[in-house]
2 protein chains.
Amino acid sequence: MVRGRICRLLVRDVRFPTSLGGHGSDAMREAQREREHKQGELEREKQASCGAGSPMRRWIPGPWDHDLSRRQTLNDCATQHTDPDYSAAYVVLETDAEDGLKGYGLTFTLGKGTEVVVCAVNALAHHVLNKDLRDIVGDFRGFYRQLTSDGQLRWIGPEKGVVHLATAALLNAVWDLWAKQEGKPLWKLLVDMDPRELLSCIDFRYITDVLTEEEAYEILQKGQVGKKEREGQMLMHGYPAYTTSCAWLGYSDDTLKQLCTEALKDGWTRFKVKVGADLQDDIRRCRLIRNMIGPEKTLMMDANQRWDVPEAVEWMSKLAEFKPLWIEEPTSPDDILGHAAISEALVPLGIGIATGEQCHNRVIFKQLLQAKALQFLQIDSCRLGSVNENLSVLLMAKKFEIPVCPHAGGVGLCELVQHLIIFDFISISASLENRMCEYVNHLHEHFRYPVVIKKASYMPPKDAGYSTEMKEESVKKHQYPHGEVWKKLLAAQEN
Amino acid sequence: MVRGRICRLLVRDVRFPTSLGGHGSDAMREAQREREHKQGELEREKQASCGAGSPMRRWIPGPWDHDLSRRQTLNDCATQHTDPDYSAAYVVLETDAEDGLKGYGLTFTLGKGTEVVVCAVNALAHHVLNKDLRDIVGDFRGFYRQLTSDGQLRWIGPEKGVVHLATAALLNAVWDLWAKQEGKPLWKLLVDMDPRELLSCIDFRYITDVLTEEEAYEILQKGQVGKKEREGQMLMHGYPAYTTSCAWLGYSDDTLKQLCTEALKDGWTRFKVKVGADLQDDIRRCRLIRNMIGPEKTLMMDANQRWDVPEAVEWMSKLAEFKPLWIEEPTSPDDILGHAAISEALVPLGIGIATGEQCHNRVIFKQLLQAKALQFLQIDSCRLGSVNENLSVLLMAKKFEIPVCPHAGGVGLCELVQHLIIFDFISISASLENRMCEYVNHLHEHFRYPVVIKKASYMPPKDAGYSTEMKEESVKKHQYPHGEVWKKLLAAQEN
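Throughout this document, residue positions are counted from 1 along each chain, in the order its sequence is written. Numbering of ligands from 1 and lettering of chains from A proceed in the order in which they are written. Restriction of local features to residues with pLDDT of at least 70 applies here, the model being predicted, together with a cutoff of 80 or more for giving and counting side-chain atom pairs; totals for whole chains, interfaces and linings are based on all residues. Hydrogens are left out, water is left out, and the side-chain values use all remaining heavy atoms of the structure.

Novice: Go over the overall build of chain A, please, and point to the residues and values.
Specialist: Helix and strand definitions here come from DSSP, where helices need a minimum of 4 consecutive H or I residues and strands a minimum of 2 consecutive E residues; each element is numbered from the N-terminal end. Regarding its fold elements, chain A presents 19 helices and 13 strands. A buried classification covers 68% of the 495 residues belonging to chain A. Within chain A, contacts between residues at least 6 apart in sequence are counted, and of these 77% link residues at least 24 apart. Burial status follows relative accessibility: with a 1.4 Å probe on protein chains alone, a residue under 20% of its type maximum counts as buried, one over 50% as exposed, and anything between as partly exposed. Whether two residues are in contact is decided by their heavy atoms, any of which lying within 4.5 Å being enough.

Novice: Which residues make up the nonpolar core, and what values do they have?
Specialist: Nonpolar side chains tend toward joint burial in soluble globular proteins. Judged by nonpolar contacts, the single largest core of 302 residues is most densely connected at Trp175(A) and Trp175(B). Not counting residues within four places of it along the chain, the set of residues in contact with Trp175(B) comprises Phe140(B), Leu186(B), Leu189(B), Leu190(B), Met193(B), Cys201(B), Ser386(B), Val387(B), Asn388(B) and Tyr466(B). Residues belong to one nonpolar core when they are buried, are Ala, Val, Leu, Ile, Met, Phe, Trp, Tyr or Cys, and are joined through side-chain atoms within 4.5 Å.

Novice: Tell me about the environment of Arg435(B), and name the residues and values.
Specialist: Residue and element names in this part refer to chain B. With respect to the helices and strands, the residue Arg435 is situated in the loop between α17 (413-429) and β11 (437-439). For the pair Arg435 and Val452, spaced 17 residues apart in the sequence, the C-alpha separation amounts to 19 Å. Non-local contacts of Arg435, meaning those with residues more than four positions away in its chain, are made with Tyr239, Pro240, Ile402, Pro403, Val404, Cys405, Asp424 and Ser429. Under this definition, polar contacts are N or O atom pairs within 3.5 Å; protein pairs additionally need one hydrogen-donor-capable and one acceptor-capable atom, and for neighbouring residues in sequence, both atoms have to be side-chain atoms. A polar contact of 3.4 Å, which involves the side chain of Arg435, links it to the backbone oxygen of Ser431.

Novice: Residue-level account of the pairing of strand β9 (residues 352-355) of chain B, with values.
Specialist: Residue and element names in this part refer to chain B. Every second residue of β9 is oriented toward a common face, with Gly352 and Ala354 on one face and Ile353 and Thr355 on the other, all of them buried. DSSP bridges decide pairing: two strands pair if at least two such bridges lie between them. Pairing between strand β8 (residues 324-328) and β9: 3 bridges, direction parallel. Among the inter-strand pairings, Glu328 is bridged to a residue of β9, identified as Ala354. If the strands point away from the viewer and the path from the first strand over the helix to the second runs clockwise, then the crossover is right-handed. With helix α14 (residues 336-346) bridging β8 and its parallel neighbour β9, the resulting β-α-β unit is right-handed. With 2 bridges connecting them, β9 and strand β10 (residues 376-377) associate as parallel partners. For Ala354, the partnering residue across the bridge sits in β10 and is Phe376. Remark: the β9/helix α15 (residues 362-370)/β10 crossover connection has right-handed handedness.

Novice: If you had to explain the packing of aromatic side chains to someone new, which residues and values would you point to?
Specialist: Only rings of Phe, Tyr and Trp enter the pairing, Trp through its six-membered ring, and a pair is recorded when the two centres are within 6.5 Å. The plane angle decides the type: under 30 degrees is stacked, over 60 is edge-to-face, the rest tilted. Applying the stated rule across the entire model yields 28 aromatic pairs over all chains. Ring geometry for Trp155(A) versus Phe108(B): centroids 5.2 Å apart, planes at 70°, classification edge-to-face. Taken as a pair, Trp155(A) in the loop between α5 (140-148) and α6 (161-182) and Phe108(B) in strand β4 (residues 102-109) lie in two separate chains rather than in one. By relative accessible area, which is 4% here, Trp155(A) ends up buried. With a centroid separation of 5.2 Å and 80° between ring planes, the pair formed by Tyr480(B) and Trp486(B) is classed as edge-to-face. Assessed through its relative accessible area of 1%, Trp486(B) is described here as buried. One aromatic cluster is present, formed by Phe140(A), Phe143(A), Trp175(A) and Trp178(A) through successive ring pairs. Cation over ring: Arg15(A) sits above Tyr480(A), and NZ or CZ is 3.8 Å from the ring centre. Only when the NZ atom of a Lys or the CZ atom of an Arg is both within 6 Å of the ring centre and within 35 degrees of the ring normal do we say a charge sits over the ring.

Novice: Please give an account of the pattern of salt bridges that cites residues and values.
Specialist: Salt bridge, as used here, is a side-chain nitrogen of Lys or Arg placed within 4 Å of a carboxyl oxygen of Asp or Glu. Within this structure, the stated rule accounts for 70 salt bridges over all chains. The closest approach of N and O atoms between Lys399(A) and Glu215(A), which form a salt bridge, is 2.8 Å. A residue pair is termed long-range when its members are at least 10 positions apart, and Lys399(A) in helix α16 (residues 386-400) and Glu215(A) in helix α9 (residues 213-223) qualify at 184 residues. Residue Lys366(A) pairs with Asp335(B) through a salt bridge whose shortest N-O separation is 2.5 Å. Within this pair, whereas Lys366(A) is found in helix α15 (residues 362-370), its partner Asp335(B) is found in the loop between β8 and α14, the two belonging to separate chains. Taken individually, Lys366(A) and Asp335(B) each receive the classification buried, so the pair is uniform in this respect. Counted as one network, the salt bridges with shared partners bring together Arg145(A), Glu159(A), Asp203(A), Arg362(A) and Glu389(A).

Novice: Quick rundown of the confidence of the model for chain A? Include the residues and the values.
Specialist: Interpretation of the predicted coordinates at a detailed level should be avoided for regions scoring low in pLDDT. Residue and element names in this part refer to chain A. The pLDDT value expresses, per residue, how confident the predictor is, ranging between 0 and 100. Taken as a whole, chain A shows an average pLDDT of 90; of its residues, 89% reach a score of 70 or greater. Taken as a whole, residues 40-62 scores under 50 in pLDDT and shows 75 contacts with residues more than four places along the chain or in a different chain. Scored by ipTM, the complex comes to 0.92, with pTM at 0.92.

Novice: Explain the environment of Leu249(A) to me, using residue names and the numbers behind them.
Specialist: Take Leu249(A): it is sitting in the loop between β5 (239-247) and α11 (253-265). Owing to a relative accessible area of 12%, Leu249(A) belongs among the buried residues under this scheme.

Novice: Any details on the packing of α9(A) against helix α17 (residues 413-429) of chain A? Residues and values, ideally.
Specialist: A pair of packed helices is captured by two measures, namely the crossing angle of their axes and the spacing between those axes. Residues and elements named next belong to chain A. Here an axis means a line fitted to C-alpha atoms, over the contact stretch when the element is a helix, while the angle between two N-to-C directions is reported on a 0 to 180 degree scale. Running from N to C, α9 and α17 cross one another at 95°; their axes reach a closest spacing of 7 Å. Comparing the axis directions of α9 and α17 gives the class roughly perpendicular. Facing α9, whose interface residues are Ile219, Leu220 and Gly223, α17 presents Ile426, Ser427 and Ile428. For the contact of α9 with α17, the class distribution of residues is 4 nonpolar, 2 polar and no charged. Oblique is the label for any angle not covered by the other classes, which are roughly parallel (under 35 degrees), roughly antiparallel (over 145) and roughly perpendicular (65 to 115). Here the nonpolar group is Ala, Val, Leu, Ile, Met, Phe, Trp, Tyr, Cys and Pro; Asp, Glu, Lys and Arg are the charged ones; every other residue, Gly included, is treated as polar.

Novice: Now, about the packing of α6(A) against α16(A): what can you tell me, with residues and values included?
Specialist: All names here are of chain A. Where α6 contacts α16, the two axes come as close as 7 Å, and the packing angle between them is 100°. Overall, the two elements α6 and α16 adopt an arrangement that is roughly perpendicular. Counting all contacts with α6, which are made through His164, Ala168, Leu171, Asn172 and Trp175, the residues of α16 involved are Ser386, Val387, Asn388 and Glu389.

Novice: Any details on the environment of Leu20(A)? Residues and values, ideally.
Specialist: Residue placement: Leu20(A) occurs in the loop between β1 (6-15) and α1 (27-38). For the pair Leu20(A) and Leu369(A), spaced 349 residues apart in sequence, the C-alpha separation works out to 38 Å.

Novice: Describe in detail unusual backbone geometry, supporting the description with residues and values.
Specialist: For the bond from Gly157(A) to Pro158(A), the omega torsion is -15°, close enough to zero to count as cis. Along the chain, the position of Pro158(A) falls in the loop between α5 and α6.

Novice: Would you mind going over α16(A) in detail, with residue names and values included?
Specialist: Residues and elements named next belong to chain A. One less than the number of residues in a helix, times 1.5 Å, gives the span that helix is expected to have. Counted at 1.5 Å a residue, the expected span for α16 with its 15 residues is 21 Å, and the 22 Å between its end C-alpha atoms agrees. Among the 15 residues of α16, 12 are classified as buried, and the element is accordingly described as predominantly covered. Buried within α16 are the following residues: Ser386, Val387, Asn388, Glu389, Asn390, Leu391, Ser392, Val393, Leu394, Leu395, Met396 and Ala397. Looking at the residues trailing α16, positive phi occurs at Glu401, about 55°.

Novice: Describe α5(A), listing the residues and the values that go with them.
Specialist: The buried fraction of α5(A) amounts to 8 of the 9 residues, a majority that puts the element mostly inside the structure. For α5(A), the complete set of buried residues consists of Phe140(A), Gly142(A), Phe143(A), Tyr144(A), Arg145(A), Gln146(A), Leu147(A) and Thr148(A).

Novice: Tell me about the state of the cysteines, and please be specific about residues and values.
Specialist: Disulfides are defined as pairs of cysteine sulfur atoms found within 2.5 Å of each other. Under the defined criterion, the tally for this structure stands at 0 disulfides over all chains. Counting only cysteine sulfurs, Cys119(B) is the nearest neighbor of Cys119(A), a cysteine outside any disulfide, at a range of 4.5 Å. In this model Cys382(B) remains outside any disulfide bridge; the closest cysteine sulfur is found in Cys414(B), 11 Å from its own. Classification of Cys382(B) as buried rests on a relative accessible area of 1%.

Laid out in structure tokens, this is it:
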């Protein structure tokens, strides 16, 4: 079924000005805002940044030269918000198969820096272009290794940060194309795949001390039992979700109350609140939301890496009375031993540790599991090396019996990750205990196959592909900086 | 003394075609070469890559579009070597102080991908431009935090990979400028600085569970004792070095013998050999070099991340007979617990673990120390966030009494890191036991203030600054892709 040589690769910088509404605001971003306010930065940077801005704007052959003595235009300043502009480096692959099918892939970003990821996609493009799709998926492990171990590019990773985000965008597009050619939604492609073929997509380098290919095979073999029933269960009831849409740090108490009331009416039973900027504020907000949802419903907290290790333990001890199921990202995502220490202190208080959205590869997840540093593992569809690397993490989580509760939100993350977690339930975990997938009600209208939420659950996508395709009109409008939306915003900024 | 507003920031992509001589070849790069050979990649990619190439070449407003149906030029193919082209994203800062002083900074790369780092420097530039140098160094901790915690850019790091390399290049330039304005070589600026001022340059976020500012202060206070004598000792004898120039994987046995003979004549007593591609080959090469240098001199081995954890232990057990002081980078640089396991297995065989050149920030180093995962810590002047972050690592290493043996080589790394290790000896470690700094005899001729090696030791630089400035002629010639050297190579490739 798989066919065609990849003959075109298009990558675009798409940004949504979400910062205008305070959506997505968390402790880390609040800290940045304070810092800039304190230093009177905003004013001065507005001026200074105009020499810098996005390199996509000002093409100077050879070196880049920011010279303030020359006249500068003001319209690169729009990305000076301290709040996130949910964005994506958006990749489109075309083949010569003449079947009209394209592969769409993205990686999520927060605005500034999207152009850097776009640049990295370009640097990787030669690994993809002119390849036969059959050769790629026929040796997907080899192809993955080729992308992530390029002899020269490896230095600026390896398998982390910008190059790994770019790898994710590219491979997400390949998976979308593959699923479309097979005429299946991605989760179904994975569910129907022979275990050996699934494993041939995974690079086991650096994780064999914890999971060998044979162990992974055994896990998948066991997962065959009851698969049909679980698929039926998913199609009928969907995968349970929780909502982060009620309690961003930037929202007022009134907004929070209103959103919470609406969410309860819509059947939501699991809620996440952002914490970490100010303890008294957190106590007030957590009390408010706990009172609104009652003692039985589930509350989670998210600190977005705001604390050092001792601070995390101290702060959360003071929020324990509100019975959070977990504290998410209490400290640096790189700090495996730190998470282990926090976990050791907080689990006795009934609080689990969740992390993952900024864990940069399978090696970090491997260690978090080895060190008993988390009780909830949050995969991300766009930070790890696409489906390939996420498969290895799902299998390791199964081995350690740690529930996977994916990170979603942003732009497109819900659309993508639902496929992975539905597959996880059907073929690997076979359990819904303590499991749920994040949901945020933003930006779905820009996707051609948006998520369908029913009774606070993700309903399995039915369209072929990875649900990665954006509406062309949305992409055009939001392309940075020349799309209509940005042209207007940048012009307004200038006045 | 410090003066001037930063009014210009120039960043250039400078590449040296070192791959032509097999210099810098190691197990990871050999693996890449094998892989490509096996897949008959080289031929096919030569064609395919031409649609990708460097984004610095082909400016398309808005999105990037690689369309193979359009005619492509062939001259973007030169970076298809599997061997490294030692390169740098090279930053120059100018102020309005009218003193003629500029700040030069770089981060090291391996060729492809330098343009991505350049792009990231551009994305960070607005944090630097228009700033008063007094304000920067007066609150260097705050400035560091601002660069590394930009509310939007943070997502594509944080503090790792491309954005952190870009941060290093920028801050290295700031330190060079500061030292020049003070009229001192960087090591001397640091040695003379008040401990409180030194500490005000460090961001302690995420490491306070291991090192508080007060503990760091005590370490620096203790370091005051005998400082003058140690400074005299350095000026007289220099800091001990070891050489990696004899035994790259790409060298023949004859070349190895010849280089080793010359190095012995020049007084070198410590040698590093690359291993990890083929065990029998390693045994032959290690025997050869051990026989040449004799039992008393020091031999180190470097696997450049080639192995998984069990493989590392097995492989090194078979090389133990050659008495290596350390095995460097046995596995993934992210694998703290893996290094701890390897360390536990190999230390009883008399082999220490060394790592650091790809450890992406202080949080990783913190854990390597906590987990007893290394016996030798290898800082890098260009991967961590410049002097600021390296200071925190030097202080943590002192607390754990682990010797620091910096990574150098590449292009410029020797020039920069010598300042850090000389400062470390004078003000922090006060010891030379088991300590030495890597040296590679490449590309120094391109620097305006090249390293001076005497009797296998780094002699302390005497010129003001961080020794980061390249000769303008060299930069011009090697600028990618429009410099004279690359124009010729790319033209040759085309024929």
